[in-house]
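Residue-level listing of the chains:
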Amino acid sequence: MSLGPFAVALIVPPLNLVPLGLAGVALAALTRWRRMGLAIAGVALAGLLGLALPFTGGLLIASLERHLPLVPPANDPPRAIVVLAAEVEHGTRDPAAEEATDSTAVDLGPLTVMRLRAAATLAWRTGLPVLVSGGKPPDGSISLAALMAASLQDDFGIPARWREDRSEDTWENAIDSAAILRREGIGSVYVVTHAWHMKRALIAFRHAGINATAAPVLLDHAPTGILSDFAPRMSGWRMSFYALHEWIGCLYYAWRR
């Protein structure tokens, strides 16, 4: 089972540093442990500022993308492409549109679309069949796999050979996809996802008994240390969150197996 948003917020920095800092302020103001409270608040503030730096986020992201198996094994080349879902977006349809049957709409988010584009490019180059993997979002009536298969066909002209539409997280992506692949006699695949997500995905696929070659959307550049890398930004928090989420997930997966 995947963690809910509140559990993720409590576990993964930087968001969890906000209540930690507030707890430190309260401890300093309302108890005799003033120094301890100020120290806790100071650590939280320093963490928030440090993780907002693109330099910090960039280093954390780059650390996830080292030593990925980008070259297929010569003795067991991939026989399929597995592309993992990321996110969906919710909105409203144009009520004047003829095809609109209700006012709500669910569509693939930009991260998922980037993964589909990378998978389509790889499929054109290799001629390998594609498996799309992604279950239903908590408030959705259609699986991500179904949306991905439709987009892969309509937008890129590539049919999805298989759909894995039950998984709720990366671990289940791998386990449920492996079950489909084994029925086809396939034990070696390309896995398409973002490079910062690849390490965790590969741990899961190896546990599932699949020999996985990394086919990342993009490999990020490590920060060079220019002046703008040290200006706090929202993008720094986003990169830091993604990276720390993945590292915590990798540790959990390594323990889980």
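Just so you know, these numbers come straight off a predicted model, no measurement behind them.

Undergrad: Go over unusual backbone geometry, please, and point to the residues and values.
TA: Going from P13 to P14, the amide bond is cis rather than trans, its omega being 10°. Mapped onto the secondary structure, P14 falls in the loop between helix 1 (5-11) and helix 2 (17-30). For H67, which is not glycine, the phi dihedral falls at a positive 60°. Positionally, H67 belongs in the loop between helix 4 (54-64) and strand 1 (81-84). For H67, a relative accessible area of 74% corresponds to the exposed category.

Undergrad: How would you explain a nonpolar patch on the surface if you had to name every residue and give the values?
TA: Together, L10, I11 and I248 make up a nonpolar patch on the protein surface, roughly 280 Å² of accessible area in all. Residue class for I248 comes out partly exposed when judged on its relative accessible area of 34%.

Undergrad: Describe the nonpolar core, listing the residues and the values that go with them.
TA: Judged by nonpolar contacts, the single largest core of 26 residues is most densely connected at V82, L181, V189, V191 and F205. At the level of secondary structure, the elements contributing two or more residues to this core comprise strand 1, helix 7 (170-183), strand 6 (188-192), helix 8 (195-207), strand 7 (211-214) and helix 9 (234-256). A per-element tally of this core places helix 8 first, with six residues. Contacts of V191, omitting those with residues within four sequence positions, involve V82, L84, M198, F205, A212, T213, A214 and A215. Counting 24 residues, the second-largest nonpolar core is a separate cluster that includes V88, L144, A145 and A149.

Undergrad: I'd like a rundown of the pairing of strand 7, residues and numbers included.
TA: For strand 6 and strand 7, the ladder comprises four bridges, and the chain directions are parallel. Residue pairing in the sheet places V191 in a bridge with A214 of strand 7. Crossover strand 6 to strand 7 through helix 8 is right-handed.

Undergrad: How would you explain the sheet that holds strand 6 if you had to name every residue and give the values?
TA: Here five strands make up an open sheet; going across it, the order is 5-4-1-6-7 and the pairing parallel. Only two strands of the sheet have a single partner each, and these edge strands are strand 5 (162-164) and strand 7. Going across the sheet, the axis of each strand differs from the next one's by a mean of 25°, ignoring polarity. Those strands touched by helix 5 (residues 110-126) are strand 1, strand 4 (130-133) and strand 6, and its axis lies near 170° from that of strand 1. Taken strand by strand, helix 7 contacts strand 1, strand 4, strand 5 and strand 6, and its axis lies near 145° from that of strand 5.

Undergrad: Now, about the packing of aromatic side chains: what can you tell me, with residues and values included?
TA: Tallying each qualifying case throughout the model produces six aromatic pairs. Each ring, one from F241 and one from Y242, has its centre 6.3 Å from the other, and the planes form 50°; the classification is tilted. Accessibility expressed as a relative area gives 27% for F241, which makes it partly exposed. Taking the relative accessible area as the measure of exposure, Y242 reaches 27% and is therefore partly exposed. An aromatic cluster is built from W171, Y252, Y253 and W255, whose rings are joined through pairwise contacts. The positively charged end of R161 is found above the aromatic ring belonging to W162, 5.3 Å away from the centroid.

Calculation rules
Residues numbered from 1 in each chain as written. Predicted model: local features only at pLDDT ≥ 70, side-chain atom pairs only at ≥ 80, totals over all residues. Heavy atoms only, no water. Helix = DSSP H or I, 4+ residues; strand = E, 2+ residues; numbered from the N terminus. Buried < 20%, exposed > 50% of the residue type's maximum accessible area, 1.4 Å probe, protein only. Patch = residues over 30% accessible without salt bridge, like charges linked within 9 Å, V, L, I, M, F, W, Y side chains within 5 Å. Areas by Shrake-Rupley, 256 points an atom, 1.4 Å probe, with all protein chains shown as cover. Salt bridge = Lys/Arg side-chain N within 4 Å of Asp/Glu carboxyl O. Core = buried A, V, L, I, M, F, W, Y, C linked by side-chain atoms within 4.5 Å. Contact = heavy atoms within 4.5 Å. Pairing = 2+ DSSP bridges. Right-handed = clockwise from strand over helix to strand, strands pointing away. Axes fitted to C-alpha atoms, helices over the stretch in contact; angles between N-to-C directions. Phe/Tyr/Trp six-rings, centres within 6.5 Å; stacked < 30°, edge-to-face > 60°. Lys NZ or Arg CZ within 6 Å of the ring centre and 35° of its normal.

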